[in-house]
Amino acid sequence: MQISKDMLIGDLVQMHETIPAMLMKAGMHCLGCPASQAESLEEACMVHGIDCDTLVENMNTVLAAL
């Protein structure tokens, strides 16, 4: 399982049970918002002022260890 910044938030939260917690820890507290479900991870990072490349790298590291 590999995360990329072009993936949609709605798809990401369905991929693995740990992903919503990782996104919320990064500062994305609007995962339940219908509009967020159609945003790419990159778009959501831009809105929240999060470095997307670092987030993707960290998420992939965590998922690889599972």
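Keep in mind that this is a model prediction, so the values were computed, not measured. (Residues numbered from 1 in each chain as written. Predicted model: local features only at pLDDT ≥ 70, side-chain atom pairs only at ≥ 80, totals over all residues. Heavy atoms only, no water.)

1. Points about the overall build of the chain
Test applied: Secondary structure elements are taken from DSSP: a helix is a run of H or I of four residues or more, a strand is a run of E of two residues or more, and numbering for both begins at the N terminus. Each radius of gyration is computed over the set of C-alpha atoms, and the globule rule expresses the reference value as 2.2 Å times the number of residues to the power 0.38. Buried residues are those whose accessible area, probed at 1.4 Å on protein chains only, stays under 20% of the maximum for their type, while exposed residues exceed 50% and partly exposed ones sit between those limits. Any two residues whose heavy atoms approach within 4.5 Å at even a single point are treated as in contact. To be clear on the numbers: accessible area is Shrake-Rupley with a 1.4 Å probe, and residue cover counts the displayed protein chains and nothing else.
In terms of regular secondary structure, the chain is built from four helices and zero strands. Seen in sequence order, the chain has helices and strands lined up from the N terminus as α-α-α-α. A compact globule built from 66 residues should have a C-alpha radius of gyration of about 11 Å, and the chain, at 10 Å, falls within 12% of that. Counting only C-alpha atoms and orienting by the principal axes, one finds that the chain spans roughly 30 × 20 × 20 Å. By residue count, 35% of the 66 residues in the chain fall in the buried class. Excluding contacts between residues fewer than 6 apart, the proportion of contacts in the chain whose partners are at least 24 apart in sequence is 57%. If you sum the accessible surface of the chain, you get close to 4,000 Å²; carbon and sulfur atoms cover 56% of it.

2. Observations regarding the packing of helix H2 (residues 19-26) against helix H4 (residues 52-64)
A packed helix pair is summarised by two numbers, namely the angle formed by the two axes and the spacing between the axes. Put simply, the rule is: The axes are straight lines fitted to the C-alpha atoms, using for helices just the contacting stretch, and the angles between their N-to-C directions are given from 0 to 180°. With the far helix as reference, a near helix turned anticlockwise by less than a right angle produces a left-handed crossing, and one turned clockwise produces a right-handed crossing. Three classes are used, and their members are as follows: Ala, Val, Leu, Ile, Met, Phe, Trp, Tyr, Cys and Pro are nonpolar, Asp, Glu, Lys and Arg are charged, and the others, Gly among them, are polar.
Running from amino to carboxyl end, H2 crosses H4 at an angle of 145 degrees, the nearest separation of the two axes being 11 Å. H2 and H4 meet at a crossing whose hand is right-handed. Between H2 and H4, the contacting residues are Ile19, Met22, Leu23 and Ala26 on the first element and Leu55, Met59, Val62 and Leu63 on the second. A per-class count over the contact of H2 with H4 returns eight nonpolar, no polar and no charged.

3. Points about the pattern of salt bridges
For clarity, the cut-off: Between Lys or Arg on one side and Asp or Glu on the other, a salt bridge is scored when a side-chain nitrogen of the former is within 4 Å of a carboxyl oxygen of the latter.
For the structure on display, the rule yields two salt bridges. Put simply, Lys5 and Glu42 hold a salt bridge, and the shortest N to O gap is 3.8 Å. With Lys5 in the segment before helix H1 (9-15) and Glu42 in helix H3 (residues 41-48), this residue pair connects regions lying 37 residues apart in the sequence.

4. What to know about the confidence of the model for the chain
To be explicit about the condition: Confidence of the predictor at the level of single residues is captured by pLDDT, which takes values from 0 to 100.
Taken over all residues, the pLDDT of the chain has a mean of 93, while the share at 70 or more is 100%. Summarising per-element confidence for the chain, the mean pLDDT is lowest in H1 (92) and highest in H4 (96).

5. A look at H3
Short version of the rule: It is the directions from the helix axis to the C-beta atoms that the arc portrays.
All buried positions along H3 are accounted for by Leu41, Ala44 and Cys45. The buried residues of H3 all sit within an arc of 100 degrees when viewed along its axis, so they share a single face. Across from the buried face of H3, at angles greater than 90 degrees, the exposed residues are Met46 and Val47. Turning to H3, the residues buried within the fold contact H1, H2 and H4. Gly49 lies just past H3 and shows a positive phi near 70 degrees.

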